[in-house]
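Chain by chain, the residues run as shown.
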Amino acid sequence: MEAIYRANRTRAKIHGTAERPRLTVHISNMHITAQVINDDEGKTLAYATTVGKKEKGTKTELAEKIGTEIAKAAKKAKVSKVVFDRGSNIYAGRMKALADAARKEGLEF
């Protein structure tokens, strides 16, 4: 229950626009998914995930790869600035690794 309240509290303050879409991250026990979303139009502009990939490495290393991929996909969609939506996750570990990798590739948030 606490995770739902935390996610709602985070999302109440965050809204993606055309100039600054929302970068949302979902981390499960097995996979990591990141999306860049324009909430005004309800469209996903860029997407990166580990689902269906046979990559080796720790989950933190996979989070770094997804951070790099989402930044490249966002650049391809002509997005350079985003609003970071961590959902119900705390900003540490895999979430921090993904964010740092996306920042290294030039994504601003």
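Our structure's up above, just so we're on the same page.
These lines cover the structure that appears in this document, whether it is placed above or below.

What counts and how
- Residues numbered from 1 in each chain as written.
- Predicted model: local features only at pLDDT ≥ 70, side-chain atom pairs only at ≥ 80, totals over all residues.
- Heavy atoms only, no water.
- Axes fitted to C-alpha atoms, helices over the stretch in contact; angles between N-to-C directions.
- Helix = DSSP H or I, 4+ residues; strand = E, 2+ residues; numbered from the N terminus.
- Left-handed = near helix turned anticlockwise from the far one by under 90°.
- Contact = heavy atoms within 4.5 Å.
- Nonpolar A, V, L, I, M, F, W, Y, C, P; charged D, E, K, R; others polar.
- Expected span 1.5 Å × (residues − 1).
- Buried < 20%, exposed > 50% of the residue type's maximum accessible area, 1.4 Å probe, protein only.
- Pairing = 2+ DSSP bridges.

1. A closer look at the packing of helix α2 (residues 59-76) against helix α3 (residues 94-104)
Remark: α2 packs on α3, axes separated minimally by 7 Å, with the N-to-C direction vectors making an angle of 35°. Once α2 is placed against α3, the crossing between them reads as right-handed. Contacts between α2 and α3 pair Lys59, Thr60, Ala63, Glu64, Ile66, Gly67, Thr68 and Ala71 from the former with Arg94, Ala97, Leu98, Ala101 and Ala102 from the latter. Looking at the contact of α2 with α3 residue by residue, the class counts come to seven nonpolar, three polar and three charged.

2. A closer look at α2
With 18 residues, α2 should cover 26 Å at 1.5 Å per step; its first-to-last C-alpha distance of 25 Å lies within 8% of that length. Of all the residues in α2, the buried ones are Leu62, Ala63, Ile66, Gly67, Ile70, Ala71 and Ala74. Residues of α2 that are buried in the fold lie against β1 (22-27), β2 (32-38), β3 (43-49) and α3. Once α2 finishes, Lys78 follows within two positions and takes phi at roughly 65°, a positive value.

3. Topic: unusual backbone geometry
Glycine aside, the phi torsion of most residues is negative, and most peptide linkages are trans. The phi angle at Lys78 is positive, at roughly 65°, despite the residue not being glycine. Relative to the helices and strands, Lys78 is located in the loop between α2 and β4 (83-85).

4. Concerning the pairing of β3
Of the pairings in the sheet, the one linking β2 to β3 comprises six bridges and is antiparallel in character. When the bridges of β3 are listed, Ile37 appears paired with Thr44. Connecting β2 to the next strand, β3, in antiparallel fashion are four residues, including Gly42 with a positive phi near 75°.

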